[in-house]
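# Per-entry structural report
Here are the chains, one letter per residue:
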Amino acid sequence: MILAGAAWTDAFKNRISNWWLLAGGVAGILYRGKDFFPAAAVVLFLAFLMFRMGMMGAGDGKLMAVIAGYLGMDAGIEAIFSGLLVGALWSLCRWWRDKGLKGRLIYLCVYFIRIFQTGKIESYGDGQLRKQPYTISLAVCMAAGTYLYLMISGAVAVWTQTRLRL
């Protein structure tokens, strides 16, 4: 429910409400206790770096931290990568449709070349790239990826237990 609420606010208001993040953090602490904090802290630190580079919003990073804290480091990372994969596929489809894929890949390559040449990490993109046609709702992707991960891992667990009984 928390993921769905965060995804809804991101999709329709272009920001994730801190109330959803707070509710997710409280649920994670109640569910995992002090084990919530290490995974959430590591993911929050890495997400903060991506935020500072201009690659995602602050709410997206906090949502990733809640996912990792709630599910634990291993399952959380797998769920987050599932969400990033959903986002990558969504972006590729949009760029392909708008015939902007080639230009975006060139821009990405130039960005990394500039980082290697100057040794300075700078913000990814300019005002042109952050406009609505090129942005996706990462919370929607995180929710979809997490749901997908939970369904597949649950099905695999049931299938494995069923095979062991035979």
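For the structure itself, consult the block above.
Described in the following lines is the structure provided in the data block. (Residues numbered from 1 in each chain as written. Predicted model: local features only at pLDDT ≥ 70, side-chain atom pairs only at ≥ 80, totals over all residues. Heavy atoms only, no water.)

### Section: the overall build of the protein chain
Stated formally: Think of it this way: any DSSP run of H or I at least four residues long counts as a helix, any run of E at least two long counts as a strand, and we number them from the N terminus. For this analysis, residues touch if any pair of their heavy atoms sits within 4.5 Å. Using the Shrake-Rupley algorithm and a 1.4 Å probe, accessible areas are obtained, with residue cover drawn only from the displayed protein chains. The charge count treats Lys and Arg as positive and Asp and Glu as negative. His and the chain ends do not count. Charged side chains are reduced to one point each, which is NZ for Lys, CZ for Arg, CG for Asp and CD for Glu.
The helix and strand inventory of the protein chain stands at seven helices and zero strands. Helices and strands in the protein chain line up, N terminus first, as α-α-α-α-α-α-α. C-alpha atoms of the protein chain, sized along the principal axes, occupy 55 × 35 × 35 Å. In the protein chain, 65% of the contacts between residues at least 6 apart in sequence involve partners at least 24 apart. Carbon and sulfur atoms provide 70% of the accessible area of the protein chain, an area that totals close to 10,800 Å². Between the averaged position of the 17 positive side-chain charges in the protein chain and that of its 8 negative side-chain charges there is a distance of 4 Å.

### Quick notes on the packing of aromatic side chains
How two aromatic rings sit relative to each other is given by the distance of their centres and the angle of their planes. The following threshold applies: Pairing of aromatic rings covers Phe, Tyr and Trp, the last counted by its six-membered ring, and requires centre-to-centre distances within 6.5 Å; plane angles under 30 degrees mean stacked, over 60 mean edge-to-face, and any other angle means tilted. Each residue gets one of three labels from its accessible area relative to the maximum for its type: buried under 20%, exposed over 50%, partly exposed in between, using a 1.4 Å probe on protein chains only.
This structure, assessed with the given rule, holds five aromatic pairs. Between W8 and F12 the ring centres are 5.4 Å apart and the planes differ by 45 degrees, which places this aromatic pair in the tilted class. With W8 and F12 both in helix α1 (residues 2-13), this residue pair falls four residues apart, about one helical turn. Using a relative accessible area of 61% as the deciding quantity, one classes F12 as exposed.

### Points about unusual backbone geometry
The phi dihedral of N14 is positive, around 60 degrees, even though this residue is not glycine. Positionally, N14 belongs in the loop between α1 and α2 (18-32). Its relative accessible area of 53% is what places N14 among the exposed residues.

### Remarks on the nonpolar core
Using the following cut-off: For our purposes a nonpolar core is just a set of buried Ala, Val, Leu, Ile, Met, Phe, Trp, Tyr and Cys residues, chained together by side-chain atoms within 4.5 Å.
I16, L63, M64, I67, I80, L138 and M142 are the most contacted members of the largest nonpolar core, which totals 22 residues. Listing elements by their share of this core, those giving two or more residues are α1, α3 (36-52), α4 (58-71), α5 (73-97) and α7 (138-165). Per element, the largest residue contribution to this core is six residues, and it comes from α7. The residues contacting M64, other than those within four sequence positions of it, are V43, M56, I80, L84, L138 and M142.

### With respect to the packing of α1 against α7
As a reminder of what qualifies: For helices, the fitted line uses only the C-alpha atoms of the stretch in contact; every axis is such a line through C-alpha atoms, and the angle between N-to-C directions lies from 0 to 180 degrees. Put simply, angles under 35 degrees are roughly parallel, angles over 145 are roughly antiparallel, angles from 65 to 115 are roughly perpendicular, and the rest are oblique. Handedness of a crossing follows from how the near helix is turned relative to the far one, being left-handed for an anticlockwise turn of less than a right angle and right-handed for a clockwise one. Each residue gets one label: Ala, Val, Leu, Ile, Met, Phe, Trp, Tyr, Cys and Pro are nonpolar, Asp, Glu, Lys and Arg are charged, and the others, such as Gly, are polar.
Their axes nearest at 7 Å, the elements α1 and α7 cross at an angle of 155 degrees. Between α1 and α7, the angle falls in the class roughly antiparallel. Helix-helix and strand crossings are classified by hand; for α1 and α7 the assignment is left-handed. Across the interface between the two elements, L3, A4, A6, A7, D10 and A11 of α1 pack against L138, A139, V140, A143, T146 and Y147 of α7. Residue composition of the contact of α1 with α7, by class: 10 nonpolar, one polar and one charged.

### Regarding α5
Note the threshold: By this rule the span expected of a helix is its residue count minus one, scaled by 1.5 Å.
Compared with the 36 Å implied by 1.5 Å per residue over 25 residues, the 36 Å span of α5 between its first and last C-alpha is a close match. Turning to α5, its buried residues number three or more, namely A75, G76, A79, I80, G83, G87, S91, R94 and W95. Where α5 is buried, its residues contact α3, α4, α6 (101-118) and α7. Within two residues after α5, K99 carries a phi angle of roughly 55 degrees, on the positive side.

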